[in-house]
Each structure stands twice: as C-alpha cells, then as structure tokens.
Amino acid sequence: MNWPSTPDEAVALQLEMAPLVDPNPPAGWQPRTAAGLDVAYDGDKLCAAVVVVDLTSLETVDQAVVPGVTDFPYVPGLFAFRELPALMSALERLTTSPDVLICDGQGVAHPRRFGLASHLGVVTGLPSIGVAKTPMGRYDPPGPDRGDWTELRDGDDVVGRALRTQKDVKPLFVSIGHRIDLDTACARVLDLAPKYRQPETTRRADQLCRQALVLDR
DNA sequence: GCGACAG
DNA sequence: ATCTTGTCGC
C-alpha cells in the first residue's frame, strides 16, 4: 500500500504492517549507539531532528535536522503519519546508522499495536523503543524510586511499562517498537536518563529541532 | 449513546 | 505539539 491520504487508509496500513513487528533482538545484538528523534512545529511548518548518542559515554556522536511541512493532522492513534516522513529524511542524513531508535511516542502500546516507534522500526529495519510521556493504556503507579515500574496494559495484553526514571518524578511509558525485548528497552532508557526524566537522546533531539525551527524562520 | 484519545 | 512567569530545589 502507498502512503495514506485519509485516516481510513492510515488505519488500514497499520493493520497491514503490525504483523511485521519482530519482538526478537538481532542475534548477538549489543547496541553501542542510540538515536533520539523528535519534531517541533510552527503552524504548518516543522523541523525534525535526530541525535545519536554513545550509550556508554552519553556523548553526541552524530546529528541531523531537516525542515518540512505538516501533511497529516494529529489524530490519536495515527500520530506516526504526522512525523514519520520528516523523521525518515532526518535519519537518511546521518553519517552512520544508529544501533537503536529512541522514539517520542508509543511502540506497540497502541490500539493496533503499531505506534510511531514500531512504524519507524519496521520501515528502517532497526531495533526501536517507544518512550511516551502519557500512556495509551491502563497502569498502576510504580514505586517512587528510579527504576521502579509497573505493567502498562491494553485490555488483557501487557503492552509496555510505566517506568520511573528519576525518584519522585512522573513515570515514562516504555514499549517495544521493533526487534527488542521490553527488559532491554527499559534498561537502555534508564541508561540514557541518569539525571533527567527524559532520555538524553530525546532531550537533545528536542532542543535541536526547536532551535532549527527558529533559525529557519 | 458517551467519553477517552501518543505528540 | 503549543500557549506561558516565577519559583522551589540541588
């Protein structure tokens, strides 16, 4: 199927692609770098940014920003269709391929098990993690300490975790995107968030696309 | 029928 | 997402 032009077509594409999500990590996979992705908006204009970070030192090793326009309106459940094109072109401008994508939104914690992180993962073939600030599902509050977590459920399915990345700070909602397991996904998110609620990847991508949006006008 | 609904 | 000041705390 081609790129959808209506919400109905978008839903159909998600239903068609959801079975392509692979919950198994690549054989012997040991990620050294992680890419954070984010988009900032100004009316119908936007900027997408990707920042690649070394998982051990947390230093930025690569980054890219691209301008664009909003094609798709924001519709809950169809968020990916708004940001995916711009994020893909930003990814194409990196000089090296990151080992895992850290996405600002859900992975399989989604009505059709195919949120932004899963969509990006399947399209790129890269392992991906969904890290959302608000849940799409039900959960009980995790304990107050960094690393505490509870299950995020959609009906009877466990689709992710409510993960506390800092003591007494609102939890993040982590779900697998593609080619990764939930334990590993949460461990890497904690690695990337030693000091703040959000992973360093997301924080830097957020900062980069915002400043690019300003300079571009 | 009514409310809820990633960013 | 974005609109928006000061303020409490490490």
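Residues numbered from 1 in each chain as written. Chains lettered and ligands numbered in written order. Predicted model: local features only at pLDDT ≥ 70, side-chain atom pairs only at ≥ 80, totals over all residues. Heavy atoms only, no water.

- As annotated in an unreviewed UniProt entry, chain A carries the name Endonuclease V and comes from Kutzneria chonburiensis.
- In UniProt, chain A has this text filed under Catalytic activity (unreviewed entry): "Endonucleolytic cleavage at apurinic or apyrimidinic sites to products with a 5'-phosphate."
- We quote the UniProt Sequence similarities (unreviewed entry) comment for chain A here in full: "Belongs to the endonuclease V family." (UniProt positions renumbered as here; feature names shortened; annotations may be inferred.)

## With respect to helix α4 (residues 182–192)
So, step 1. Taken together, the buried positions of α4 are occupied by Leu182, Ala185, Cys186, Arg188, Val189, Leu190 and Leu192.
So, step 2. Near the N-terminus of α4, the side chain that reaches the backbone nitrogen of Asp183, with its oxygen 3.2 Å away, is that of Asp181. (Buried < 20%, exposed > 50% of the residue type's maximum accessible area, 1.4 Å probe, protein only. Helix = DSSP H or I, 4+ residues; strand = E, 2+ residues; numbered from the N terminus. Polar contact = N/O pair within 3.5 Å; in protein donor to acceptor, adjacent residues only side chain to side chain.)

## Focus: the protein's contact with DNA strand B
So, step 1. Taken together, 17 residues form the shell around DNA strand B, and within it Tyr74, Gly77, Gln106, Lys133 and Thr134 come nearest.
So, step 2. Close to the protein, within 4 Å, the atoms of DNA strand B belong to sugar or phosphate groups at a rate of 49%.
So, step 3. Side-chain polar atom of Asp104 to a sugar or linking oxygen of DNA strand B: 3.5 Å apart, as the coordinates give it.
So, step 4. A distance of 2.6 Å is found between a phosphate oxygen of DNA strand B and a side-chain nitrogen or oxygen belonging to Thr134. (Near = heavy atom within 4 Å.)

## Some details on the UniProt feature "binding site: Mg(2+)" (unreviewed entry) in chain A
So, step 1. Per the UniProt record, "binding site: Mg(2+)" (unreviewed entry) is found at Asp38 and Asp104. The largest pairwise C-alpha distance within this set of annotated residues, which runs over 67 residues, is 6.3 Å, so the set is compact in three dimensions.
So, step 2. Following the sequence through the fold, Asp38 ends up in strand β1 (residues 33–42).
So, step 3. By the element assignment, Asp104 lies in strand β4 (residues 100–104).
So, step 4. The class for Asp104 is buried, based on a relative accessible area of 14%.
So, step 5. If near-sequence neighbours (up to four positions away) are discounted, Asp104 is found in contact with Leu37, Asp38, Phe79, Leu116, Val131, Lys133 and Thr202.
So, step 6. A polar side-chain atom of Asp104 sits 3.0 Å from a polar atom in the side chain of Lys133. (Contact = heavy atoms within 4.5 Å.)

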